[in-house]
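Results of the structural survey
Each chain, letter by letter, is given below.
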Amino acid sequence: MSLTFHWFLPTNGDSRHVVGGGHGTPVTAAGGDRPPSVGYLTQIARAAEDLGFVGALTPTGAWCEDAWLTTAMVSQHTERLKFLVAFRPGFVSPTLAAQMASTYQRQTGGRLLLNVVTGGESHEQRAYGDFLDKEARYRRTGEFLEVVRGLWDGKTVDLAGEHLQVADASLTRLPDPVPEVYFGGSSPIAGEVAARHADVYLTWGEPPAQVAEKIAWIRGLAAQEGRTIRFGIRLHVITRDTSEQAWAEAGRLLDGFDPETVRSVQEGLARSESEGQKRMLALHGGGRDGLEIHPNLWAGIGLVRGGAGTALVGSHAEVAERIAEYRRIGIDEFVLSGYPHLEEAYWFGEGVLPRLRQQGLWSHPARPSAAAQPAAQVPFAAAGPS
């Protein structure tokens, strides 16, 4: 089976430096270098579409633009690219969310994927009027997905749950196709919800041994529910013609981290309730030394950014090798990003994807039968400053 690759739409702004933010931390000043206009995000989306990415993830939270509205606008300027829309189930009724998804599918030709984000930070949730604790939020997410999936199946749904209640709920028009549900979480209750409702379980970019443990855990829980789940990983990427060039770029990004910003971000992230965020923090410990935590896996991004904090760094051949390593332990989908997102899409798309195609691990979704071609030597981004 061909690997699936998704890119990222930086709806919090873009830059040639790392744009921080997420998990209760504000967007860093670099987010203003390239504001997240529909025009700029469309540039990224069209580049990703042409290069062979299947979809593009958009984040959710007060620190970025709304994912539903933004992707709906960008979708009108693209043809094939799907949108992995992150949303928090506590902020909208399940019946309305199911209806929104159905409308989205009709108006985009079936290009919606849903990334369900329960929300790991109570103080951020409270700003939206949600005062449940973390455990209760996950139980509500389970109820939410039970209703949404029932509606998408064409059922009339009645639910008197602990947190949600609907009566005689149904959809006049069903989504076609039914959107796939992407879901992540490292706590025990997150695993239970994923096993019952997720199509794809997403993990942040931990070393392969830790990822393999997560896969075994979720696979076992899903088997108890009589289900099978695919697995994906969320990573940044810095890939160049040579390893030296890639690590020099990682060094340039690291040199741009203001010590006070690192201190402030790490202080904020240390208060996170998210098990996944705690695991990210443990990879680097807040320091600048020993950031290569596995061959070609760099934890430097997590010094100034919440959420996904690791990057694949190396030559195109080395990055392709790491992707193959994750594939061997069960990862089918890769959700990638890089700074800036327009240029890095070309570095990866022209440098790594052709190598994976030559190895029989990937095919372009719009040209699946295309013959293998030599890997590009000079990506588009090489023409610009770094």
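Above: the structure in question.
So, here's what we can say about the structure. Just so you know, the residues in each chain are numbered from 1, in the order the chain's sequence is written. Predicted model: local features are reported for residues with pLDDT of at least 70 only, side-chain atom pairs are reported and counted for 80 or more only, and whole-chain, interface and lining totals are derived from all residues. Only hydrogens and water are set aside; all other atoms, that is, all heavy atoms of the structure, feed into the side-chain values.

With respect to the packing of helix α2 (residues 67-75) against helix α3 (residues 94-108)
Only the stretch in contact is used when a helix axis is fitted, and all axes are lines through C-alpha atoms; the angle between N-to-C directions ranges over 0 to 180 degrees. Only DSSP runs of H or I covering at least 4 residues are called helices, and only runs of E covering at least 2 are called strands; the numbering of each starts at the N terminus. Closest axis-to-axis distance for the α2/α3 pair is 11 Å, and the angle between their directions is 15°. For the element pair α2 / α3, the angle class is roughly parallel. Considering only the axes of α2 and α3, their crossing is left-handed. Residues W68, T71, A72 and S75 of α2 pack against M100, A101, Y104 and T108 of α3. Here the contact of α2 with α3 is built from residues that sort into five nonpolar, three polar and no charged. When describing relative orientation, an angle under 35 degrees is termed roughly parallel and one over 145 degrees roughly antiparallel, while 65 to 115 degrees is termed roughly perpendicular and anything else oblique. Whether a crossing is left-handed or right-handed is set by the direction in which the near helix is turned from the far one by less than a right angle, anticlockwise for left-handed and clockwise for right-handed. In this description, contact between two residues means that some pair of their heavy atoms is separated by no more than 4.5 Å. Residues are grouped as follows: Ala, Val, Leu, Ile, Met, Phe, Trp, Tyr, Cys and Pro are nonpolar; Asp, Glu, Lys and Arg are charged; every other residue, Gly included, is polar.

Side note on helix α1 (residues 38-51)
A helix is expected to span 1.5 Å for every residue after the first. Here α1 contains 14 residues, and its C-alpha end-to-end distance of 20 Å stays within 8% of the 20 Å for a straight helix at 1.5 Å per residue. Burial classes: relative accessible area under 20% of the type maximum marks a residue as buried, over 50% as exposed, and values in between as partly exposed (1.4 Å probe, protein chains only). Of the residues making up α1, those classed as buried are Y40, L41, T42, I44, A45, A47, A48, E49 and L51. Here the buried face of α1 lies against β1 (4-8), α2, α12 (341-351) and α13 (353-358). The positive-phi residue at the C-terminal boundary of α1 is G52, with phi of around 115°.

Here we look at the packing of helix α6 (residues 188-197) against helix α7 (residues 208-224)
Viewed as axis vectors pointing N to C, α6 and α7 meet at an angle of 50°, and their least axial separation amounts to 8 Å. Of the possible angle classes, the one that applies to α6 and α7 is oblique. Crossing angle aside, the handedness with which α6 passes α7 is right-handed. Only W217, I218, L221 and A222 of α7 make contact with α6, whose side of the interface consists of P188, G191, E192, A194 and A195. Split by residue class, the contact of α6 with α7 holds seven nonpolar, one polar and one charged.

Structural notes on the pattern of salt bridges
A pair is scored as a salt bridge if a Lys or Arg side-chain nitrogen falls within 4 Å of a carboxyl oxygen belonging to Asp or Glu. Taken as a whole, this structure holds 19 salt bridges when the rule is applied. With a shortest N-O distance of 3.0 Å, R230 and E180 are connected by a salt bridge. Of this pair, R230 sits in strand β9 (residues 230-240) while E180 sits in the loop between β6 (165-169) and β7 (181-184); the two residues are 50 residues apart in sequence, bridging distant segments of the chain. Relative accessible area serves as the criterion here: at 25%, R230 is assigned to the partly exposed category.

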